[in-house]
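What the coordinates show
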Amino acid sequence: MLIERLGAAGRSCFEAASLRPFSSSSAMAKSKFEYVRSFETDDTCLRNCYIVVRLDGRNFHKFAEQHHFAKPNDDRALGLMSKSARSVMEELEDITIAYGQSDEFSFVFKRTTTWFKRRASKLMTHVASQFSSSYVFYWKEFFGEQPLLYPPGFDGRVVLYPTNRNLRDYLSWRQADCHINNLYNTAFWTLIQKGGLTTTQAEDRLKISQVMLLLEPLQAYKEEGIYVQNGSQYIKILWVYHPIITIKVNPNERIIEVFFFTLYFFYI
């Protein structure tokens, strides 16, 4: 199209130039427009710090509803999230721990990583794109013929933690958040699905409930569960889901998954 606009003379010049061998010399690469690189910000992560990239699903409440996820937890969706995290860990060998719950996943890079020259934007976008594409790629493996109505989105952030204590507290914070949300959701949907309450009634019921949690060994209460009172009736909740922690013990070893189970009791 460009050659036609140039006419005969333009075509001959353009064709002659296209036959010249390509040169990658610095003289060819530089131009008066190169100054725009100075607008880029330096986002190199501090050395000797753990780099944590945390992804969160964008508007996943709507996504879960439109794809008919089971409440309060959908095994297919949780499996797909775990599979996508494994894909990220296999791609980026410097990730040592991946912790996930609900629609989020945290990826911990080792302190000494030099991937992408420790640039935060590069690390975050690579993790987000690998995770998102894996989520779409492996969708049929977990959801079968159920169609993916639209591509999901995940936003990301990068946080640095200088000490082992800081990193441990970060993971403890995400675990505590998981416990609170999961416990509430399990009780909430049990009141609806087994107690016959509406969403508003279940929410009001939990607002006025006084809940006490007791952590007990799993083996001692194999046949026990969680009971939620609805009037004079106690509703039993079998188990509370916990997040999956994917750990890469050694770059040369296989990735393993560790499942955590804790038994809770409601006294209302």
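Okay, so let's go over this structure. Everything numeric in this text was worked out from a predicted model, so none of it was measured.

What follows deals with the environment of Thr 199. Positionally, Thr 199 belongs in helix H8 (residues 199–208). Judged by relative accessible area, Thr 199 falls into the partly exposed class, the value being 43%. In sequence terms Thr 199 and Phe 188 are eleven residues apart; their C-alpha atoms lie 7.9 Å from each other. The contacts of Thr 199, once residues within four sequence positions are left out, are Phe 188 and Ile 192.

Before going further, it helps to examine the pairing of strand S1 (residues 50–57). Sheet faces and side chains relate simply in a regular strand, where the side chains alternate between the two faces. Burial analysis of S1 places eight of its eight residues in the buried class, which makes it a mostly covered element. As defined by bridge partners, S1 adjoins strand S4 (residues 154–161) across eight bridges and the pair is classed as antiparallel. Residue pairing for S4: Val 52 is matched across the bridge by Val 159. Relative to strand S3 (residues 104–109), S1 runs antiparallel, the two sharing six bridges. Looking across to S3, one finds that Val 52 is bridged to Val 108.

Attention now goes to the pattern of salt bridges. Tallying each qualifying case throughout the model produces eleven salt bridges. Among the salt bridges present, the one from Arg 165 reaches Asp 169, with a minimum N-O distance of 3.2 Å. Taken together, the positions of Arg 165 and Asp 169, both in helix H7 (residues 164–193) and four residues apart, correspond to about one turn of that helix. Accessibility expressed as a relative area gives 35% for Asp 169, which makes it partly exposed. Each of Arg 54, Asp 56 and Arg 157 takes part in salt bridges that share partners, so that together they form one network.

Grouped burial of nonpolar side chains is what soluble globular proteins tend to show. Phe 69, Phe 107, Phe 109, Val 127, Phe 131 and Tyr 135 are the most contacted members of the largest nonpolar core, which totals 29 residues. Elements that contribute at least two residues to this core include exactly S1, helix H3 (60–66), helix H4 (75–91), strand S2 (95–101), S3, helix H5 (120–137) and helix H6 (139–143). Setting aside residues no more than four positions away along its own chain, Val 127 makes contact with Val 53, Leu 55, Val 88, Leu 92, Phe 107 and Phe 109. Judged by nonpolar contacts, the second largest core, of seven residues, contains Phe 188, Leu 191, Ile 192 and Leu 206.

With that settled, the discussion passes to H7. Count 3.6 residues to each turn of an α-helix, and residues three or four apart come out pointing the same way. Here H7 contains 30 residues, and its C-alpha end-to-end distance of 43 Å stays within 8% of the 44 Å for a straight helix at 1.5 Å per residue. Those residues of H7 not exposed but buried are Leu 167, Tyr 170, Arg 174, Cys 178, Asn 182, Leu 183, Thr 186, Ala 187, Phe 188, Thr 190, Leu 191 and Ile 192.

About the thresholds
- Residues numbered from 1 in each chain as written.
- Predicted model: local features only at pLDDT ≥ 70, side-chain atom pairs only at ≥ 80, totals over all residues.
- Heavy atoms only, no water.
- Helix = DSSP H or I, 4+ residues; strand = E, 2+ residues; numbered from the N terminus.
- Buried < 20%, exposed > 50% of the residue type's maximum accessible area, 1.4 Å probe, protein only.
- Contact = heavy atoms within 4.5 Å.
- Pairing = 2+ DSSP bridges.
- Salt bridge = Lys/Arg side-chain N within 4 Å of Asp/Glu carboxyl O.
- Core = buried A, V, L, I, M, F, W, Y, C linked by side-chain atoms within 4.5 Å.
- Expected span 1.5 Å × (residues − 1).

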